[in-house]
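This is what each chain is made of:
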Amino acid sequence: MTRLQGLICLAAAALMLGEVAVVGSRYGFLLAGTFTAAMALVLVHLTAGRRGDGYGGLLYAVGVLGAVAGYCYLALAPSGAISPQDEVIDWGRMDKRALVFGYLGIAAFIAFHWLWRAYRRGAPPAARPAAAVARREWPVRLLGALGIALLAYCWLGLPALRSVGIVGEVGLAKFYDLHSHVHLSALQQIRLGAIPYLEAQTQYGPGNQLLMGALTDFVHFSNHGFFAANLLLNVVCVIVFFVVLQQFLGFGWAVAGLVGWTLWPSPAERIDLAGWAVLTRWMAIPILSLWLAWLLLGAGAARRGWPPAVLAGMLWGVGGFLSQENLSGGLLVFAFSLALFGPASGLPLRRLASFAGLFVLAGGVTFVALVSAFVGPSHLFEVVALANAKSSLVMAGVSNSIWSDNLGLKLTANIVDGRLETDLLESGDFRDLILTYALVLPFLLAIGLLAAFLGRRWTTVAEPTRVFCRKFAGVLVGAFVLHLFSLLRSDTSHLAGPSFLLALFLLMLPVFLWRCLTPGRTRTALMVVSVAVIAEAIVSGRVEVERRVAGFGEIRRESAAVLDLYGELRGHRGEAPDFAGLYSPLPRFQTAFRTHPDFAEAEEFFRLLRDRLQGRSVELGSYKFDDLVAHPDTAYFLGGLRSVSGITSPKNSLWLRSEQQDWISRIASARSGCLFFDAQSNKQLVEAWMRSVKPPQTMVTEPITGRREYGILACKSGAPL
């Protein structure tokens, strides 16, 4: 691209930035921006024709202006997910599209720039990677896999599984948590005949819902059983992940990753937050990243034919069925891997295009097949629409983070002995917030350096350097994409949960700088900073490392205790659970639940309500029953109630005023069913329900009274068939 062409693109980009600020409409900007970009491209083409530049400058201009236009449309124009007349309810809004899409756009432009340069010069000759693992090496690889699996279990898995057996001296057990009840209320609907995901809504994906349902039934359908099943799934995910690391990166880096998970935010911090921390939400992203790096830069590049692309696509399809995070994150991993690694692989454009087509086709077919098999082929578009609606709102900034505008951040501060003490600093959220934003620069810098290395030196360096660079490339792309999920929310949980590869990225960064950068002051300065980050983490995490090492002495005894507890839980399957049995089937765990001040009233209320319902569905119009049953999610689960709307967790499913209105309309339009309400219920919902009856239907109301007046049950009768 010539200087004049660059000035034309710069002027067009500035004009588009001005247009999006002035127009104030997505569709208005779409028209104005398209016209501006088209005129600029015409000028670039005319300039190229005079200078004999061919289509190279034009193609580069398309990439530049496309990136700027996309950024303006996605980040700066009003969000299409929330109309100007709508509003966020219950949750808050933290619109970070400008930052997130800017971050993503810069990384994408780096990848595009080096992709364009590579194929402008012609695809480089392939640097033949090391041969695939010889048959005689497989016993060593298998032994390493068994070793790292055992270490992962002892280092991370067993400490998490211990919490299944913690009764707690005061109050209810840790597993009695809203995040668990969100899942359990939906699983209760499925057990009562609801269509998975659509009539039993959660925000964790249809695959994760069905998987957690199967595992909970395997252990025991109760709050305690769900907690134990979730932890079991997370521990299996951790072990599988580190075995994959060992296979792609080697035993040493896998061990380093294990230690790194205790030094920096990682899923280990939230592994026992049942319900929220279902690690299969993100699991496909790091595995896919490592796999694609191996396929394009490593020994997998020697494998011909369609199986590698199809298998990788199937992994993406399975992950997408499990969760929306895997679906969108996996697609980003594939796009960045193809753009960054494609030229260095030495594969011609036609073969890369074939690889991409097979990947997307295999992923799409797998996703459609799974949705059709487990939800129903006629519900495919409904599943996609529901998943896309919530992800669009998250991208638009809807959040329950402490930084959100509606929720606010209440910060108290005191000066003690000349030192500032605040709730925020002591909670750790402030440190994690700083780390979340501070990682933006290292990730962008590493992507730029990696792209430059692959474009300039990949074919000339020694084989050991290429092998390490391939490993680092897979870690970097996966860690970068996972960090996007952290950046959207910027709280402790969302930094720790997706950070499968963050620790390895920070540990491998100084090695990459040393081996892949030319000597000089820049390399020295970057090395000092990256090593300092590792040193700080070692100092601050030393106590946790020592604690985990000390726990190795009790592995056999504690493993046996955990195994006995799971056997005890499974031994109660098939029993008809009473009210306390849904909390936990084990009598020693039920004590805190049974002695709760509100236990007797709650047990009586659900018994009376079920007697009146006689199997009919009911919508709970009141949000809180008492301190024991503080959410509708808890009530649907413990009461064994079938929801009229299929939305058992209003706060987690209804984020906008328009969604709440649709929910009320959906309930009111039901031909049969009941509504339970009290003085604190949503008045608009109650009025809509009472007005919805038309002859020959009638509305039968009766109070639910026991130890106190619990509320009113209004049921439709005589509904037409």
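Residues numbered from 1 in each chain as written. Predicted model: local features only at pLDDT ≥ 70, side-chain atom pairs only at ≥ 80, totals over all residues. Heavy atoms only, no water.

A look at helix 12 (residues 324-345)
For helix 12, with 22 residues, the first-to-last C-alpha span of 30 Å sits near the 32 Å given by 1.5 Å per residue. Its maximal kink placed at Leu338, helix 12 deviates by approximately 35 degrees. Across the 22 residues of helix 12, 16 count as buried, placing the element largely inside the fold. Taken from the residues just after helix 12, Gly346 is the one with a positive phi, measuring 75 degrees. (Helix = DSSP H or I, 4+ residues; strand = E, 2+ residues; numbered from the N terminus. Expected span 1.5 Å × (residues − 1). Bend = angle between axes of the 7 residues up to and from the residue. Buried < 20%, exposed > 50% of the residue type's maximum accessible area, 1.4 Å probe, protein only.)

Considerations on the state of the cysteines
Summed over all chains, the structure comprises one disulfide. In this structure Cys72 is a free cysteine whose sulfur lies 14 Å from that of Cys9, the closest cysteine sulfur available. In this structure Cys237 is not part of a disulfide, and its nearest cysteine sulfur, from Cys154, lies 18 Å away. (Disulfide = S-S within 2.5 Å.)

Looking at the packing of helix 13 (residues 349-374) against helix 14 (residues 380-395)
Between helix 13 and helix 14, the shortest axis-to-axis distance is 9 Å and the interhelical angle comes to 110 degrees. By the angle class used here, helix 13 and helix 14 are roughly perpendicular. Across the interface between the two elements, Phe367, Val368 and Val371 from helix 13 touch Leu380, Val383 and Val384 from helix 14. In terms of residue class, the contact of helix 13 with helix 14 is built from six nonpolar, no polar and no charged. (Axes fitted to C-alpha atoms, helices over the stretch in contact; angles between N-to-C directions. Parallel < 35°, antiparallel > 145°, perpendicular 65-115°, else oblique. Contact = heavy atoms within 4.5 Å. Nonpolar A, V, L, I, M, F, W, Y, C, P; charged D, E, K, R; others polar.)

Quick notes on the environment of Gly711
Here Gly711 lies in strand 8 (residues 709-717). In this structure, the C-alpha to C-alpha distance between Gly711 and Ala679, residues 32 residues apart in sequence, is 7.7 Å.

Regarding the nonpolar core
Soluble globular proteins tend to bury their nonpolar side chains together. Core analysis: the largest hydrophobic core is formed by 170 residues, its most contacted members being Phe242, Phe341, Phe505 and Phe512. Discounting chain neighbours no more than four positions away, the residues touching Phe512 are Leu449, Leu450, Phe468, Cys469, Phe472 and Leu517. By size, the runner-up hydrophobic cluster in this structure holds 18 residues, among which are Ala13, Leu65, Val68 and Ala77. (Core = buried A, V, L, I, M, F, W, Y, C linked by side-chain atoms within 4.5 Å.)

A look at the packing of aromatic side chains
The final tally for this structure, using the stated rule, is 43 aromatic pairs. Centroid distance Trp155 to Phe552: 6.1 Å. Interplanar angle 90 degrees. Geometry classified as edge-to-face. Of this pair, Trp155 sits in helix 5 (residues 138-161) while Phe552 sits in the loop between helix 21 (521-550) and helix 22 (555-571), placing them 397 residues apart in sequence. You can call Phe552 partly exposed: its relative accessible area is 32%. Centroid distance Phe241 to Trp261: 5.7 Å. Interplanar angle 25 degrees. Geometry classified as stacked. On the criterion of sequence distance, the pair formed by Phe241 in helix 8 (residues 223-249) and Trp261 in helix 9 (residues 251-263) is long-range, its members being 20 residues apart. Of the two residues, Phe241 and Trp261, neither departs from the other in class, the shared state being buried. The lysine or arginine in question, Arg523, covers the ring of Trp514, its NZ or CZ lying 4.2 Å from the ring centre. Here Lys716 stacks its cationic end above the ring of Trp689, 4.4 Å away from the centre of that ring. (Phe/Tyr/Trp six-rings, centres within 6.5 Å; stacked < 30°, edge-to-face > 60°. Lys NZ or Arg CZ within 6 Å of the ring centre and 35° of its normal.)

Considerations on the confidence of the model for the protein
Mean pLDDT over the protein: 88, with 91% of residues reaching 70 or higher. Confidence drops under pLDDT 50 across residues 406-413; counting only partners more than four residues distant or on other chains, this segment forms 23 contacts. Across residues 416-423 the pLDDT falls below 50, and counting only partners more than four positions away or on other chains, this stretch makes 15 contacts in the model. (pLDDT = per-residue confidence, 0-100.)

Quick notes on the pairing of strand 8
Both strand 6 (residues 673-677) and strand 8 contribute to a ladder of five bridges, which runs antiparallel. If you follow Cys674 over to strand 8, its bridge partner there is Cys715. Bridge count between strand 7 (residues 698-705) and strand 8: eight bridges; the pairing is antiparallel. When the sheet's bridge partners are listed, Pro703 is paired in strand 8 with Ile712. The turn joining strand 7 and strand 8, which pair antiparallel and follow one another in sequence, is formed by three residues. (Pairing = 2+ DSSP bridges.)

Quick notes on a nonpolar patch on the surface
Taken together, Phe35, Met39, Val42, Leu43 and Leu46 make up a surface patch of nonpolar side chains, about 490 Å² in accessible area. Its place among the elements puts Leu43 in helix 2 (residues 26-51). (Patch = residues over 30% accessible without salt bridge, like charges linked within 9 Å, V, L, I, M, F, W, Y side chains within 5 Å. Areas by Shrake-Rupley, 256 points an atom, 1.4 Å probe, with all protein chains shown as cover. Salt bridge = Lys/Arg side-chain N within 4 Å of Asp/Glu carboxyl O.)

Structural notes on the pattern of salt bridges
Applying the stated criterion across every chain yields a total of 21 salt bridges. With its nearest N and O atoms 2.7 Å apart, the salt bridge here joins Glu463 to Arg466. Within this pair, Glu463 and its partner Arg466 are both found in helix 18 (residues 463-489), separated by three residues, close to a single helical turn. Overall, Glu463 belongs to the partly exposed group, its relative accessible area being 24%. We classify Arg466 as buried; its relative accessible area is 11%. Here Arg557 makes a salt bridge to Glu554, at a shortest N to O gap of 2.8 Å. Assessed through its relative accessible area of 52%, Arg557 is described here as exposed. Of the residues examined, Glu554 reaches a relative accessible area of 35% and is grouped as partly exposed. A cluster of three or more residues bridged by salt bridges with shared partners is formed by Arg162, Glu554, Arg557 and Glu558.

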